[in-house]
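Residue strings, one per chain:
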Amino acid sequence: QVQLVESGGGLVQAGDSLRLSCAVSGRTFSTYAMGWFRQAAGKEREFVLSISRSGGFTYYADSVKGRFTASRDNARNTVYLQMNSLKPEDTAVYYCAAAVRAAITDYRQAEYWGKGTLVTVSS
């Protein structure tokens, strides 16, 4: 079974940066497209960004363009979410997801999910 474990969340102040990691089990990581989603208290889960299986392109939600970037390290079976210029409205539980496909463009395409890591941004 594929297992995803997020880490790196915590409490930061507005304007700070934070990097989240998602470690993926198995030896077929390079076949997975990866996505990041978030869910704030009382809100629906929303798409943040996704990175293609090859790592060659990334899709961004409008709310994070210019602030968030993603990368992947196939040798470490890990994807990263670099978050800069954090805002209080970024406060949420962040989830990573994986699918054996070229890219994830919709949550329904995700096959595996992590349990999430909490990011809290104070003003």
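Residues numbered from 1 in each chain as written. Predicted model: local features only at pLDDT ≥ 70, side-chain atom pairs only at ≥ 80, totals over all residues. Heavy atoms only, no water.

1. As for the overall build of the chain
Working step 1: Per the secondary structure count, the chain includes zero helices and 11 strands.
Working step 2: Along the chain, helices (α) and strands (β) appear in the sequence β-β-β-β-β-β-β-β-β-β-β when read from the amino end.
Working step 3: Projecting the C-alpha coordinates of the chain onto the three principal axes gives extents of approximately 40 × 25 × 25 Å.
Working step 4: With 123 residues in all, the chain has 41% of them scored as buried.
Working step 5: Residue pairs at least 24 apart in sequence account for 57% of intrachain contacts in the chain once pairs closer than 6 positions are excluded.
Working step 6: With 14 positive and 10 negative side-chain charges, the chain shows a spacing of 6 Å between the two charge centroids. (Helix = DSSP H or I, 4+ residues; strand = E, 2+ residues; numbered from the N terminus. Buried < 20%, exposed > 50% of the residue type's maximum accessible area, 1.4 Å probe, protein only. Contact = heavy atoms within 4.5 Å. Lys, Arg positive; Asp, Glu negative; His and termini not counted. Charge placed at Lys NZ, Arg CZ, Asp CG, Glu CD.)

2. As for the sheet that holds strand 7 (residues 68-73)
Working step 1: Taking strand neighbours across the sheet as the criterion, the four strands line up as 1-3-8-7 in an open arrangement whose pairing is antiparallel. Two strands in the sheet have a free side with no partner beyond their single neighbour: strand 1 (4-7) and strand 7. On average, adjacent strands in this sheet sit at an angle of 15° to one another, irrespective of strand direction.
Working step 2: Strand direction decides the pairing type here: strand 7 and strand 8 (residues 78-83), joined by six bridges, are antiparallel. Following the sheet pairing, A70 is matched in strand 8 by L81. (Pairing = 2+ DSSP bridges. Axes fitted to C-alpha atoms, helices over the stretch in contact; angles between N-to-C directions.)

3. Observations regarding the packing of aromatic side chains
Working step 1: Using the criterion set out here, one finds five aromatic pairs in the structure.
Working step 2: Note on Y32 and Y112: the rings are 6.4 Å apart at their centroids and 55° apart in plane angle, and the pair reads as tilted. Here Y112 lies in strand 10 (residues 112-113) and Y32 lies in the loop between strand 3 (18-24) and strand 4 (33-39), a separation of 80 residues in the sequence.
Working step 3: With relative accessibility at 4%, the residue Y32 sits in the buried group.
Working step 4: A centroid spacing of 5.0 Å and a plane angle of 55° characterise the contact between F37 and W113, whose relative ring orientation is tilted. Residue F37 is located in strand 4, and its partner W113 is located in strand 10; the two are separated by 76 residues in the primary sequence. (Phe/Tyr/Trp six-rings, centres within 6.5 Å; stacked < 30°, edge-to-face > 60°.)

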